[in-house]
Amino acid sequence: MLWGQQIRITNDHLPGIPPTGFLDKLASELKIGRHAAYRHAVQRVLETVRKNYESGQYRSTTEAEYMLRKLVEQEQTAL
C-alpha cells in the first residue's frame with residue numbers, strides 16, 4: 001500500500017450483516033420496557049425509515065437512527 005492512498009470500506013463486503021440491521025437493533029432497544037402502543041409505533045415507523053434508508057433518503061446511519069427516534073416520538077405525542 002502506498003502512503004496517502006485511501007481505502008474505501010463498504011458494507012458490501014459484510015454479507016452476514018443486513019444493511020438495515022442497525023435499525024432493527026435500535027428498534028428492539030427502543031421497545032424494551034415500553035407499553036404496547038409504543039412498541040407498535042416503533043414497528044410502524046421502522047418500516048418507513050427502513051424503506052427511506054434503502055432508497056438513499058438519509059445520508060448516514062446516524063441520520064436514519066435520528067429519524068427513527070424522532071418519528072416515534074412524534075407519533076406518541078399525536079396520540
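A. Spotlight on helix 2 (residues 36-54). Relative to the 27 Å expected for 19 residues at 1.5 Å per residue, helix 2 spans 27 Å between its end C-alpha atoms, a close match to the ideal helical length. By the burial criterion, the buried members of helix 2 are Tyr38, Ala41, Val42, Val45, Leu46, Val49, Arg50 and Asn52. Against helix 1 (21-31) and helix 3 (61-78) lie the buried residues of helix 2. At the exit of helix 2 stands Gly56, carrying a positive phi of roughly 90°.

B. Representation of the pattern of salt bridges. Applying the stated criterion across every chain yields a total of five salt bridges. Close ionic contact of Glu29 with Lys25 constitutes a salt bridge, the shortest N to O distance being 3.9 Å. Here Lys25 and Glu29 lie together in helix 1, a separation of four residues that amounts to about one turn. We classify Glu29 as partly exposed; its relative accessible area is 44%. On the accessibility criterion, Lys25 (54% relative accessible area) is exposed.

Rules of the game
Residues numbered from 1 in each chain as written. Predicted model: local features only at pLDDT ≥ 70, side-chain atom pairs only at ≥ 80, totals over all residues. Heavy atoms only, no water. Helix = DSSP H or I, 4+ residues; strand = E, 2+ residues; numbered from the N terminus. Expected span 1.5 Å × (residues − 1). Buried < 20%, exposed > 50% of the residue type's maximum accessible area, 1.4 Å probe, protein only. Contact = heavy atoms within 4.5 Å. Salt bridge = Lys/Arg side-chain N within 4 Å of Asp/Glu carboxyl O.

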